[in-house]
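Chain residues, written in single-letter form:
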Amino acid sequence: MEKQIALQLRGITKRFGPVLANKHVDLDVYRGEILAVLGENGCGKTTLMNMISGIYYPDEGQILIDGKEVVIRSPKDAFDHRIGMIHQHFKLVDLFSAAENIVLGLEKKGRYNLKEINAEVAKIAERYGFHLDPAKKIYDMSVSEKQTVEIIKVLYRGADILILDEPTAVLTPQEITRLFDVLRRMKEDGKSIIIITHKLNEVLEVSDRVAILRRGEHIATVNTDETNEAELTEMMVGRKISLNISRSAPVNAVPRLEVKDLNLFDKEGIQVLKDITFTANGGEILGIAGIAGSGQRQLLEAIAGLQPAADGSVLFYNPKKDRPVTFYHKSLKKVKEMAAQGAFHDRNLNDVSFRGMRDKAIRKWVESGDVLFREDEEMNLRGKDPLEIRQLGIHLSFVPEDRLGMGLVGSMDITDNMMLRSYRKGHAGFLDRKKPKEQAEEIIRELQVVTPGVSTPVRRLSGGNVQKVLVGREIAYAPKVLMAAYPVRGLDIGASYTIYRLLNRQKESGVAVMFVGEDLDVLLELCDRIMVMNGGRITGFVDARTTTKEEIGLLMVRTEQREEEAHE
Amino acid sequence: MSNLARAEGREPLIHLSKRAGISRGKAWSIRIIAVLLGILVCGIAAFLLIEKVQNNPEKIGEFYGTFIKGSFSTSRKFWKFLKNTAVLLCISLALTPAFRMRFWNTGGEGQTLVGVLSAIAVNFYLGGKIPEGILLILMLLAALAAGALWGVIPAIFRAKWGTNETLFTLMMNYIATYLVSYFLVIWVPSGSSTLGKLKNGRLPIIADNENILIVLIVVALTAALYIYLQYTKHGYEISVVGESVRTARYIGINERKVIIRTMILSGMLCGLAGYLIAAGSDQTVTTNSVGGQGFTGIMVAWLGKFNPLAMLLTSALIQLLNQGAMQISKDFGVNSSLTSVIIGIILFFIIGSEFFINYEVHFRGHAKKAARRAIK
């Protein structure tokens, strides 16, 4: 049977100022198929879809529906042509129920009958196999349920062509499977489904055909069962790329950071971290998995001193054993105190007590580098702010999730952003921009940051380059602990693998790396151990080399199980 | 569907897009065009509203000439122009560190006024009793301290309890005004409650000119503030806090400390402006001593993009307009509200030009033209 073409794009071009987001894109979508639109970040996937759904207007080209040229100037026009888009960021009113959100903004004649609407919504849900209670309020819903509401909203409006922008990014493996089942059922019902993604395994699993975009151009459309990951990647990136993360066995893994019984409450007094206990080892990558908002961000921020924990401890073991004592972060008084407690020894392992010595002589001895620590220093970071942690000489680096809102200042240039960590050094009240500038140039060179120069505001850089600047700065600080929250979110494949390599290199040089990730495939390949969180608790630890995605998925949704066990 | 059918084949008439960036030359040419347009529209307004111009259309040239005449026709007017620009610039400079920190200090008026009041109070009680030099220094210290106090109170409340600084600083203006009324009643118990010019506490006259010192002080302040904001650790911290409090916390900047410190500075510089008014020209205080410059200063700072060097130009422009408008009201015998309208028109165009610097406007058919150009 000949398949019917539902949607055709002919020569679609879109510019944003000097940037060409889409260049003469031709694309066909058939009835009853799932078409995956694959491409790296910034390749113009979302822009293209936004033109179909009426958010942007193409500069050139035609859109044809059922063979007839149409003009789509607004999302309403798109709905009139039975096109619906499910965005990455949900657009729902929290205080309304599912059904209320679904009918919101519809200009239907007649009375507003919620009962009838509920019944209709339930009917659609049943038809495609969704699980949804139409009367449930949005604020009570999980991310996956909210997504369901968005999809039904589009179906309720009678869409035949559905566009889903990165729908799996926020779901657990089990939820993804369920979503794919629904999509297949819709396909059988004759709907056309366009799914935007950059995850290859999902493309191969669910789609019938794959359209690959690269730098705004349509490279090819291939049948899914005639292709493979390597070929798709090559088309997507434009060159062959190795998708293996070389993971070495941890060498000399010693405890570096030990978190014990940590509890944290947010401003409203709601507990966001409950009894967190774990150890991060130097020379190891500890992955942290969980549904978005399970407390990962709060955990890292609590360790970094950004959120004051209610109780518990965060112990940092400074690797000082047999290393010389210095005055960098300690006063003479503090050194004398520690010596009195027997914390130091000399090159011949004899105790150093400084008893009866004059300050000048002590200073000289310490500066000669012959006074050594007996043990690693143990420091409690809880209750200290980032500056105090720094002043203790603890090299703790943190790549936060919110790059331009927390890690960097968007309007400042690369040099000034390098300075964020180091501006306090030297020159009395004045800034020294020379060293940060050298550092900026080095990072640009080594990490191949694409930028017009060191004086370009980082906001102007692409996501991948912004991240290279941030990670580069945090690594330049020679950390002992490196925490990274979603460091590859929004990055293209090339940039992602650069970041993985950097994290691996840190691990190999003995740094305790903590990696909060959302892509389970990456967590499994990159990490040594994975800690899973849900609802502010740790629900389990797994060995990344032996576990499966399903096992992690189950831990990600495990809730009060431990408590239930305790009650029994 | 009929609606749609009509829409068939048409793209929207106008659409706006944010510019990715704009060259400095292009930005300035937009600004200059805006000023020219503003002047043109002013002419039209003059034609419609000023009888003298209406009756003799050839007088329109004279109308424009009067703008310049207001500031440059005599040496006295020119020095008045320089001095008033300096005082206005001083207040704008004072507001700048706060604005860079995104702390919307709308209390420049009050902070300056308490500066004037304290300086005059010192002068009132001690003038003639102690040597003039010491009196001047004490007046300065009093003005700085009062300004700093007026600035730091809202800052403390903002830092500790998160109060809205815009409202708070605004309210402090009224307190300052009533405080002045109160002291005037005490100092001049009978009659008009107007304090006559005091004999002492006048800034030294250099080279036969009473204004030079004020101008020099403010020029030095401009340079110093530029360096402070651009090249010192404090200035850097102000920028970071202004851009993102979360980034500031992330790198261990105590944003409360920075807010309080910066508002002390901001208030203190307002106090300095108050001192310049008190010791430099007025030698008395009224509730209107600052005359709204605390608010005009906000505009000067915004137009100058919080860059002290650019603010040299914007403060001069505003002052030029003010004096020009006053001259027009005198020479053409029109109500002073009319001159406010004229100033308003020009400012409208200048501020409006920022929109065209940030956004690009496309008309229908633009895309096709652009495509053709691209092909060529």
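Residues numbered from 1 in each chain as written. Chains lettered and ligands numbered in written order. Predicted model: local features only at pLDDT ≥ 70, side-chain atom pairs only at ≥ 80, totals over all residues. Heavy atoms only, no water.

Participant: Can you lay out the sheet that holds strand E9 (residues 209-214) of chain A for me, pointing to particular residues and giving the numbers?
Facilitator: Residues and elements named next belong to chain A. Strand order in the open sheet made by the six strands is E6-E7-E8-E3-E9-E10, with mixed pairing throughout. The open sheet has two edge strands with one neighbour each: strand E6 (83-86) and strand E10 (217-223). When strand polarity is set aside, the average angle formed by the axes of neighbouring strands in this sheet is 20°. Sheet strands in contact with helix H5 (residues 143-156) are E6 and strand E7 (161-165), and its direction is about 170° off that of E6. Together, strand E3 (33-38), E9 and E10 form the strand contacts of helix H8 (residues 229-237), whose direction differs from that of E9 by roughly 30°. (Pairing = 2+ DSSP bridges. Helix = DSSP H or I, 4+ residues; strand = E, 2+ residues; numbered from the N terminus. Axes fitted to C-alpha atoms, helices over the stretch in contact; angles between N-to-C directions. Contact = heavy atoms within 4.5 Å.)

Participant: Describe in detail the packing of helix H14 (residues 414-422) of chain A against helix H15 (residues 434-446) of chain A, supporting the description with residues and values.
Facilitator: All names here are of chain A. It is at 8 Å that the axes of H14 and H15 come closest, and there the two elements cross at 115°. Classified by the angle their axes make, H14 and H15 are roughly perpendicular. By crossing handedness, the relation of H14 to H15 is classed as right-handed. Mapping the contact onto sequence places Ile-414, Thr-415, Met-418, Met-419 and Ser-422 in H14 and Pro-436, Lys-437, Gln-439, Ala-440, Ile-443 and Ile-444 in H15. (Parallel < 35°, antiparallel > 145°, perpendicular 65-115°, else oblique. Left-handed = near helix turned anticlockwise from the far one by under 90°.)

Participant: Quick rundown of the interface of chain B and chain A? Include the residues and the values.
Facilitator: Between chain B and chain A, the residue contacts involve 30 residues of the former and 43 residues of the latter. When chain B packs against chain A, the two sides together hide about 3100 Å² of surface, and 57% of this comes from carbon and sulfur. Connecting chain B to chain A are two salt bridges. For Arg-459 of chain A, the salt bridge goes to Glu-243 of chain B, with nearest N and O atoms at 3.2 Å. Put simply, chain B and chain A have 20 residue pairs in polar contact (both at pLDDT 80 or more) between them. Residue assignment for the side of chain B that touches chain A shows that the elements contributing at least two residues are helix H1 (2-7), helix H9 (212-231), helix H10 (233-243), helix H11 (245-250) and helix H16 (366-375) of chain B. By residue number, the principal contributor to the side of chain B that touches chain A is H10 of chain B, which donates six residues. Per-class residue counts for the side of chain B that touches chain A are 14 nonpolar, eight polar and eight charged. (Buried area = accessible area lost by both parts, 1.4 Å probe. Salt bridge = Lys/Arg side-chain N within 4 Å of Asp/Glu carboxyl O. Polar contact = N/O pair within 3.5 Å; in protein donor to acceptor, adjacent residues only side chain to side chain. Nonpolar A, V, L, I, M, F, W, Y, C, P; charged D, E, K, R; others polar.)

Participant: So what about a nonpolar patch on the surface? Which residues, and what values?
Facilitator: Residue and element names in this part refer to chain B. On the surface, Ile-33, Leu-37, Leu-40, Ile-44, Phe-47, Leu-48, Leu-49 and Val-341 cluster together into a nonpolar patch covering about 750 Å² of accessible area. The greatest single-element share of the nonpolar patch, amounting to seven residues, is contributed by helix H2 (residues 24-49). In this structure, Leu-49 sits in helix H2. Here Leu-49 falls in the partly exposed class, since its relative accessible area comes to 48%. (Patch = residues over 30% accessible without salt bridge, like charges linked within 9 Å, V, L, I, M, F, W, Y side chains within 5 Å. Areas by Shrake-Rupley, 256 points an atom, 1.4 Å probe, with all protein chains shown as cover. Buried < 20%, exposed > 50% of the residue type's maximum accessible area, 1.4 Å probe, protein only.)

Participant: Report on the domain arrangement of chain B, specifying residues and quantitative values.
Facilitator: By the assigned domains, chain B splits into domain 1 (25-64 + 329-354) and domain 2 (80-306). Domain 1 of chain B and domain 2 of chain B are separated by 32 Å when their C-alpha centres are compared. (Domains from an automatic or database assignment.)

Participant: Lay out a negative patch on the surface in plain terms, naming residues and giving numbers.
Facilitator: Residues and elements named next belong to chain A. Where like charges cluster on the molecular surface, the negative patch consists of Glu-438, Glu-441, Glu-442 and Glu-446. Looking at the element boundaries, Glu-446 is found in helix H15. Since its relative accessible area comes to 56%, Glu-446 is described here as exposed. (Lys, Arg positive; Asp, Glu negative; His and termini not counted. Charge placed at Lys NZ, Arg CZ, Asp CG, Glu CD.)

Participant: Summarise the pattern of salt bridges; cite the residues concerned and give the values.
Facilitator: If you walk through the whole model with that rule in mind, you get 38 salt bridges over all chains. Glu-165 of chain B is the partner of Arg-158 of chain B in a salt bridge, and the nearest nitrogen-oxygen pair spans 3.0 Å. Overlapping salt bridges, with partners in common, bring together Lys-14, Arg-15, Asp-59 and Glu-60 of chain A in one network.

Participant: Talk me through the side chain of Asn-50 of chain A; I want residue IDs and the actual numbers.
Facilitator: Residue and element names in this part refer to chain A. With respect to the helices and strands, Asn-50 occurs in helix H1 (residues 45-52). For Asn-50, a relative accessible area of 9% translates into the label buried. Setting aside residues no more than four positions away along its own chain, Asn-50 makes contact with Ile-55, Tyr-56, Met-85 and His-87.

Participant: An account of the sheet that holds strand E14 (residues 311-318) of chain A is needed here, citing residue identities and associated values.
Facilitator: Residues and elements named next belong to chain A. Strand order across the open sheet formed by four strands is E12-E11-E14-E17, with antiparallel pairing between neighbours. Either end of the sheet is taken by a strand with one partner, and the two such strands are strand E12 (271-282) and strand E17 (377-380). Looking at each pair of strands side by side, their axes are set apart by 15° on average, direction ignored. Relative to the sheet, helix H9 (residues 296-303) contacts strand E11 (254-265), E12 and E14, its axis offset from that of E12 by approximately 65°.

Participant: Before we move on, could you go through the domain arrangement of chain A and cite the residues and values that matter?
Facilitator: Residues and elements named next belong to chain A. For chain A, the domain assignment lists domain 1 (5-237), domain 2 (251-319 + 383-395 + 479-496 + 511-568), domain 3 (322-375) and domain 4 (407-477). Computed from C-alpha coordinates alone, the two centres of domain 1 and domain 2 are separated by 34 Å. With twelve residues of domain 1 in contact, the opposing surface of domain 2 contributes 16 residues. Together, the buried faces of domain 1 and domain 2 total about 1000 Å²; carbon and sulfur atoms form 60% of this surface. In terms of surface lost to domain 2, no three residues of domain 1 exceed Asn-41, Pro-173 and Gln-174, which account for 37% of the buried area on that side. Taken together, the connections running from domain 1 to domain 2 amount to zero salt bridges. In this structure, the connection of domain 1 to domain 2 is made through two residue pairs in polar contact (both at pLDDT 80 or more). Breaking the side of domain 1 that touches domain 2 down by element, the ones donating at least two residues are helix H6 (173-188) and H8. A total of three residues in the side of domain 1 that touches domain 2 trace back to one element, the largest contributor, which is H8. Of the residues that constitute the side of domain 1 that touches domain 2, the class distribution is five nonpolar, five polar and two charged.

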